[in-house]
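In case you want the letters, here they are:
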Amino acid sequence: MRMSERHKMLEGQPYHADDPELVAEQAVTAAWLARYNAALGQPVPVWRSLLAERLGAAGEGSIVRPPFHCDYGWNIRIGSRVFVNFNCVILDVAQVTIGDDTRIGPAVQIYTAEHPLDPETRRSGLESGRPVTIGSNVWIGGGAIILPGVTIGDDAVIGAGSVVTHDVPAGARVAGNPARAHEA
């Protein structure tokens, strides 16, 4: 039996993003995002209700301030008491997991999507993704970028504007481009 492009995507295999099923899913998410982002002036319980409609999980007491942007939504799992500030972008072609009590600054970008380095393969339209896992009680400063496949351990701190290219151990403090360990 032939595997669907969606199944390939979820398995981390190369897939075609222009597959009609995936394009239809993105259209549903775009309509949801329009409603979610229009709720900026509404009370937080309205945001939480809307998040529950599309995200894979949105824990108790979590806040994602609009505007917010993602590919699918259902591939994002947010723990309890998480705070995500304005203008967060999550490219969720693979699973994104954010642990309890994590704080994410404004304009943070979390990418799971990857494009082939080989020009011929890239021209074919194939892409893939690797999951991103962010532990509990993590602080990610504004404007940071988290690249595909990265795991950030519990209690870590990511400096504002950092580009995180590799895993960050629990309790570590990293900053820079690429992000490197820094002392307190």
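Here is what the cut-offs are and how they apply
Each chain has its residues counted from 1, running along the sequence as written. Whole-chain, interface and lining totals are the exception, using all residues; otherwise, since this is a predicted model, local features are given only for residues with pLDDT of at least 70 and side-chain atom pairs are given and counted only at 80 or more. Only hydrogens and water are removed before side-chain values are computed, so all heavy atoms of the structure are retained for them. Any two strands with at least two DSSP-identified bridges between them are counted as paired. Helix and strand labels come from DSSP, where a helix needs a run of H or I of at least four residues and a strand needs a run of E of at least two; each type is numbered from the N terminus.

### Points about the sheet that holds strand S3 (residues 63–64)
Step number 1: In space, the seven strands of this open sheet follow the order S3-S6-S9-S14-S17-S19-S20, with mixed pairing throughout. Edge strands, defined here as strands with exactly one partner in the open sheet, are S3 and strand S20 (180–181).
Step number 2: As paired strands, strand S6 (residues 83–84) and strand S9 (residues 103–104) are joined by two bridges and run parallel to one another. Across the sheet, the residue bridging to Val-84 is Ile-104, located in S9.

### Observations regarding the environment of His-16
Step number 1: Within the secondary structure, His-16 sits in strand S1 (residues 15–16).
Step number 2: Spatially, the C-alpha atom of His-16 lies 9.8 Å from that of Ser-4, the residues being twelve residues apart in sequence.

### A few points about unusual backbone geometry
Step number 1: Cis geometry marks the peptide bond from Pro-66 to Pro-67, where omega comes out at 0 degrees.
Step number 2: Mapped onto the elements of the fold, Pro-67 is located in the loop between S3 and strand S4 (68–70).
Step number 3: Its identity as a non-glycine residue notwithstanding, Arg-81 has a phi of 60 degrees, on the positive side.
Step number 4: Summarising the element assignment, Arg-81 is placed in the loop between strand S5 (76–78) and S6.
Step number 5: Despite not being glycine, Ala-107 shows a phi value in the positive range, around 60 degrees.

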